[in-house]
Amino acid sequence: MSYTAFLILILIVAIALILIVMVQNPKGGGLSSSFGGGGAQSLGGVQNTNNFLDRTTWTLAIAMFALILLANFAIPRDGDNNFKLDNTLDGIESTTPVEPTTNTNDSLQ
């Protein structure tokens, strides 16, 4: 799997994680209870909805962590051809430090 595919999957999981977290409310009165109005209570109740959202949050967080770790191994590396420290300072002129002049304040006396 290529690095670009991992980035796309990470973005999808991140957006889904943001949406799931924004839907939750720790007291059960957030957007999760307003999706079905009173019908959500009869389908599974607010407690089951919160359990689903909690499990989905943890699953997406673990998936994102795993994708980020796997994406590290998919980064294209060209070895020595891509990054050379030997020639980084070529073409830069060396300068000698200028010694500070001493101010004797002869003109003030």
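A quick note: this is a predicted structure, and the numbers were derived from the prediction, not measured. The residue numbering used here restarts from 1 in each chain and proceeds along that chain's sequence as written. A pLDDT threshold of at least 70 governs which residues receive local features in this predicted model, and a stricter bar of 80 or more applies before side-chain atom pairs are shown or counted, although totals over entire chains, interfaces and linings include all residues. Excluding hydrogens and water, the side-chain values take into account all heavy atoms of the structure.

(A) Structural detail: the overall build of the protein chain. Each helix is a run of H or I in the DSSP string that is no shorter than four residues. Each strand is a run of E no shorter than two, and both are numbered from the N terminus. Of regular secondary structure, the protein chain possesses four helices and zero strands. The helix and strand sequence of the protein chain, counted from the amino end, reads α-α-α-α. Every one of the 109 residues in the protein chain was classed for burial, and the buried ones make up 19%. Contacts are assigned to residue pairs with any non-hydrogen atoms lying within 4.5 Å of each other. Counted over contacts in the protein chain with a minimum sequence separation of 6, partners at least 24 positions apart contribute 74%. Here the Shrake-Rupley method, with its probe set to 1.4 Å, supplies the accessible areas, and only the displayed protein chains count as covering residues. A total accessible area of about 9,200 Å² is found for the protein chain, and carbon and sulfur atoms account for 62% of it. For each residue, the accessible area found with a 1.4 Å probe, counting protein chains only, is set against the maximum for its type, and the residue is called buried under 20%, exposed over 50%, and partly exposed in between.

(B) Fine view of helix 1 (residues 3-23). Here the expected length of a helix is defined as 1.5 Å per residue gap, with one fewer gap than residues. The end-to-end C-alpha separation of helix 1 is 30 Å, in line with the 30 Å expected for 21 residues at 1.5 Å each. For helix 1, the full list of buried residues reads F6, I10, V13, A14, L17, I20 and V23.

(C) Expanded view of the UniProt feature "transmembrane region" (unreviewed entry) in the protein chain. UniProt positions are given in the numbering used here, feature names are shortened, and annotations may be inferred rather than shown by experiment. The UniProt feature table records "transmembrane region" (unreviewed entry) at residues 5-23 and 57-75. Across residues 5-23, the secondary structure splits into 100% helix and 0% strand, with the terminal C-alpha atoms separated by 27 Å. Spanning residues 57-75, this segment combines 89% helix with 0% strand, and its end C-alpha atoms are found 27 Å apart.

(D) Seen up close, the nonpolar core. Definition of nonpolar core: a set of buried residues of the types Ala, Val, Leu, Ile, Met, Phe, Trp, Tyr and Cys, connected through side-chain atoms within 4.5 Å. Counting residues in each nonpolar core, the largest one holds 13 residues, and the members touching the most others are F6, I10, V13, L60, M64 and L67. Of all the secondary structure elements, the ones that give two or more residues to this core are helix 1 and helix 4 (45-73). When residues no more than four places from it in sequence are discounted, the contact partners of V13 are L60, M64 and L67.

(E) Looking closely at the confidence of the model for the protein chain. Each residue gets a pLDDT score, which is the predictor's confidence in that residue and runs from 0 to 100. Confidence in the prediction for the protein chain averages 75 pLDDT; 59% of positions are at 70 or higher. Considering each helix and strand of the protein chain separately, the mean pLDDT is smallest for helix 3 (residues 39-43), with a value of 48, and largest for helix 1, with 92. Of the regions scoring below 50 in pLDDT, residues 38-42 engages in two contacts with residues more than four places distant in sequence or in other chains.

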